[in-house]
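A look at the structure
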Amino acid sequence: LTPSFSGLHFVSPYAFAAMQKVDVVRLAALSDPELRLLLPCLVRMALCAPADQSNAWAQDKKLILRLLSGVEAVNSIVALLSVDFHALEQDARKEQQLRHKAGGSNSESILVSQLQHGLTLEFEHSDPLRRLRLALSELLAIMNKVADSSGEFFLKSSELFESPVYLEEVADVLCILQAELPSLLPIVDVAEALLHVRNGDWFLCLLVANVPDSFNEVCRGLIKNGERQDEESVGGRRRTEALRQLCQMNPSQALNIRAMVVQECHLPGLGVALTLDYKPDSADEAVSPLVSYVSGLLLGTNGKVRTWFGMFIRNGQQRKRESSSVLWQMRRQLLLELVAILPRSRGTHVPSGSDPESCPGYSGLREEHVVKASALLRLYCALMGIAGLRPTDEEAEQLLQLMTSRPPATPAGVRFVSLSFCKLLAFPTLVSTPEQEQLMVIWLTWMIKEEEYFESAAGVSASFGEMLLLVAMYFHSNQLGAIIELVCSTLGMKIAIKPSSLNKMKTIFTHEIFTEQVVTAHAVRVAVTNSLSANIAGFLPIHCIYQLLKSRAFTKHKVSIKDWIFRQLCETTTPLHTQLLPLIDVYINSILTPASKANPEATNQPITEQEILNVFQGHAGVGLSVTLAYSITTQLLILYYILSYEEALLGNTKTLALMQKKPKSYSAALMDQIPIKHLIRQAQGLQQELGGLHSALLRLLATNYPHLCMVEGWICEEEVTGTLPLLRRMLLPSCSCRYTQAQLHAAFQNVVLSGPALMRMLEPLTLLSAADLIPYAEALTANMGLLLQPGVARRLLQTVSKLWMVLNTVMPRRLWVMTVNALQPSAKLLRQHCYTQNDLLVDPLIVLRCDPRVFRCPPLMDITLHMLNGYLLASKAYLNAHLKETAEFDRQTQTISNLGLTGQPDTPEVTREELKNALLAAQDSAAVQILLEVCLPSSQEEQLLGGDGEGLVKSGQSREWQIEGGLLSDLREVQCLICCLLHQMFIADPNIAKLVHFQGYPQALLPLTVAGIPSMHICLDFIPELLAQPQQEKQIFAIQLLSHLCTQYALPKSLSVARLAISVMGTLLTVLTRPRRFVFFMPTLPCLVPFCRAFPPLYDDVVSLLVQVGQVCAADVATKSRDIDPFIGRLKESLGSDMGLSKMSLPKRSAEELGAADPDVQLCYCIEAAFMDIVETCIQGF
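In every chain, residue numbers begin from 1 and rise along the written sequence. Under the rules for a predicted model, residues below a pLDDT of 70 receive no local features and side-chain atom pairs below 80 are neither given nor counted, while totals for whole chains, interfaces and linings still include all residues. For the side-chain quantities, the full set of heavy atoms in the structure was used; hydrogens and water were omitted.

**Some words on the overall build of the protein**
Stated formally: For helices the rule is a DSSP run of H or I covering at least 4 residues; for strands it is a run of E covering at least 2, with both sets numbered from the N terminus onward. Any residue under 20% of the maximum accessible area for its type is buried, any over 50% is exposed, and the rest in between are partly exposed; the area is computed with a 1.4 Å probe on protein chains only. Whether two residues are in contact is decided by their heavy atoms: any pair within 4.5 Å suffices. The Shrake-Rupley method, run with a 1.4 Å probe, gives the accessible areas here. Residue values count only the displayed protein chains as cover.
The secondary structure content of the protein amounts to 65 helices and two strands. Expressed as a percentage of the 1182 residues in the protein, the buried residues total 51%. For the protein, contacts bridging at least 24 residues in sequence account for 73% of all contacts bridging at least 6. Of the roughly 53,900 Å² of accessible surface on the protein, a fraction of 54% belongs to carbon and sulfur atoms.

Set out below in structure tokens:
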């Protein structure tokens, strides 16, 4: 039996477990007083017909009957079970209706007539039925009052439930009534009603013990109806005590009931009380159940639960300290746990010995207590910071003793010191006396002294030393908000800390412990973090260095940090730590921007070129195996550093010029030895591990190296590294390449005869990855010129081109230089003239000064065009960078030299910008003109076609494709490649198209350009401007171009421009002299035919123009002495009669006849031919 404060005996956990499992053996072991409390259920079990008809239950029932046979009280319970419960229920329901009508008054009762004596005496003298009626009437009255109370608690005075003599009999009646009338008396409602009478918790426990299956239902109902703050009211405390007694009766369900409390956010005191009562089977030495439970509530993710429990703490503190208060019981228990793990003896003086454990009179925190101490610290932080707990003097003293204790050098010890330090910062009010302040300073001094030992002994990278440095730096730069954020992050909770509360700690740190010079000197000696990655949590040296760089402390105190940063960059791995990129950015800023204008030399030193080359050792030379002495992360970070440095150097040109400071940029030779494209490819496959590094590199690359970011380059790379090439390498036999570079070089020497053998060598190379192909790059490029010999198989050329494209994905810049040098004309090769990367950036047209045979070799021409496009883009970036780099310094020099002078306009940068743009436009237009010239057939190709050279640039006759030797086919393929490149250039910059067409090019190329370059339609925008030019040749070229555009693009815009052209021709007819008229109209009159063919509405305007030209020519001819009247008459006749003209068949004039004729006569013949073509077009249209 479990005694209570009132002297009543509750059901023991042993007895309840026996009832739950109907364990007859355990029931038989109960004492008579224990058995007496369970008689209602056992008697009903013995008398009622069971649902279980098994022999085992029959035997158990016999044992129960035998158990009950010796108990006298069984007879009274049997008598209670013998009444007519159906009639009793009907009377009870009638009484309920009557009370409902009467408004709850107790004037009349159907269950109980007028009582002659008190309720207790009536109960004593009554028969079983009347006892049931008395108890039922009293219980219904309480239940009705509870229902009408609207949640307000009351305590009902009832003799029946208060008389100690009849409590057991009343309990029997109560249990029988609830068991026999469950619909009238729901057990949850009965339990709620029992809370409002004295001894209600005892009755409730007996009721649940006799119906053990209802335990969870009753508890859930009581919790749902409970108060949000149970210690605020009498009802809440009674409810909590009742549920606590229930859980003591059934301790196995205590944690489930506690979970219900948290779920409903009701009765917080009950949750704490159940935790205090909970005795785990196997005690956890690390963290107690109370610490775990309260920490989970305050530090969990559920804000509603956190607010609810915090209100419990705040409200509990407002009442006077009571021993019965659950909150004070909790605080006392926590304090006992804290005191239990404190070191047994403490000293306030730290001896000078290096090992604090060897100091006499001092005992450190035991290793088995460290985790528990950390949990207690976090809990007290949550209680004080989130729940608003105000510690007592005793609690504050013991907390400070714990925080300033010295743990062993383990990872848990490092964590404990970090938590203690942050708690001191979060709650500086714990240090209130000079003795306590001295104790804190001694402890902080010990932290600084033992930091290195802890880091090495504990084997952790993130130690508390970095946190000390970081806080010291924040204090020096007055970044109190950053300190608050750091404290909250370390503690793992959001605490409201006033910046003003840190003033005392700031004074201690900046004046007594860490001066700024000490901070910088100490930081540079801190070892870098080995294998730094995002997997290493906590505060690391990199955080401290970042803050010191940001505050310019190193430059202020002339402390070199370059070596530390380089070592840390070399000690990195994936996944990338988030602080690395900000560290590089702020380091670059400290190199370029002085800490103050007064001291422009106060900057950090950049990483040297030799150190950078060491990182990329093995990538510098082609033919060497790619050795990764440093991780790919280090190489990518160094690449990011170089590109960011160069960009920042250009971006700060103005500031640096004003200070007359010009930091040195990294040499082009260094950049040539860094495999930028290969590294970018590696980064692309590691995007998840590299965070934002890949995107940052792409941004820098697009700005500084646009030729490495060409769209066609990415597309070609996808073809090389995509799914199909991967499947091909997986499915085809992967035989390792057995051929050396020397063998490959020898096979190229007689490429025509040894073509099949060379193909056998090249085929295995196509299965190699780009990185594995690098050793063969020199052999492949150096012998490209030999592939220009006649008779080389097309398949061999295509294979070499494919291998070149694969190499282009990893080493484009070096590959381009080698290829340009290999494709030089034989005369230059004999002179051993080799171009460098810088030569090609300054003059991209060097690419087109190659062996002329390249222009008729489509695979090699494709490579040449790719390089040309890349170098044109690279040249733009090079000139832009050069302009930015020198403009501000030149301007500053000019400004200084012009001091005191007036009248000189300050416009150097405008002039330089214009010159740069003019140079770039000249380069682009020159490249286009050269490529257009390549599209023209050579004299040999014209002879091959019998003098009809124009057929090579037209696409009309199929017989052209039958020419032997394949020259025409090669030319057409080259033309297609060139047209594709020109289309890209025109789309990228339409001004190039405008410039080229204002310059003009051979009229024979117009059919090719208009049909082969899809973007030629943009010429319609500037043809009116071209027609307005004073040069006659430009006007002629505009009309010829327009005639082809109208045929290709029969658009409304083309129609309007064509009308304008006809109008211009009519105007020029009236103003041109006779010689200039002949020069203008001879090439432009045939263009009128395409106008009519594309736009029939122009027939009238064209005919009118032709008639005008014809009349002018006829008039000039008539003034001549020569008699050509027959022709004039025939012309007049043809102009006057359309039918006659349509039936005429004029003979074609030979070139000799036209050349010997008078210019006006030639013009007349041209008009005649134009008329005939228009008529033929009209007839064909019908």
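**Considering the nonpolar core**
Cut-off, in case you're wondering: Residues enter a nonpolar core if they are buried and are Ala, Val, Leu, Ile, Met, Phe, Trp, Tyr or Cys, with the set joined through side-chain atoms within 4.5 Å.
If you look at the biggest cluster of nonpolar residues, it comprises 244 residues, and the most contacted ones within it are Leu 246, Phe 309, Phe 421, Phe 509, Ile 612, Tyr 641 and Ile 674. Not counting chain neighbours up to four residues away, the residues in contact with Phe 509 comprise Phe 421, Leu 444, Leu 468, Val 471, Ala 472, Phe 475, Phe 514 and Thr 515. Residues Leu 803, Leu 840, Leu 860 and Val 934 belong to the second largest nonpolar core, which totals 129 residues.

**Some points on unusual backbone geometry**
Cis geometry is found at the peptide bond from Thr 574 to Pro 575, where omega equals -5°. Phi at Val 22 is positive, roughly 50°, even though this residue is not glycine. Along the chain, Val 22 turns up in the loop between helix H1 (13-21) and helix H2 (24-28). With phi around 55°, Leu 267 is a residue other than glycine that occupies positive phi space. Relative to the assigned elements, Leu 267 resides in the loop between helix H16 (254-264) and helix H17 (268-277).

**As for a nonpolar patch on the surface**
Defined as follows: A patch consists of residues exposed above 30% relative accessible area that lack any salt bridge, with like charges linked at up to 9 Å and nonpolar side chains (Val, Leu, Ile, Met, Phe, Trp, Tyr) linked at up to 5 Å. We define a salt bridge as a side-chain nitrogen of Lys or Arg found within 4 Å of a carboxyl oxygen belonging to Asp or Glu.
Residues Phe 153, Leu 155 and Val 234 make up a contiguous nonpolar surface patch of roughly 230 Å² in combined accessible area. Structurally, the position occupied by Leu 155 is in the loop between helix H9 (128-148) and helix H10 (159-162). Note on Leu 155: relative accessible area 38%, which makes it partly exposed.

**Focus on the pattern of salt bridges**
Scanning all chains against the criterion turns up 24 salt bridges. Of the charged contacts in the structure, one is a salt bridge between Arg 366 and Glu 368, with a shortest N-O distance of 2.3 Å. Residue Arg 853 pairs with Asp 851 through a salt bridge whose shortest N-O separation is 2.9 Å. Judged by relative accessible area, Arg 853 falls into the partly exposed class, the value being 39%. Bridged by salt links that share partners, the residues Arg 36, Glu 168 and Asp 172 form one connected network.

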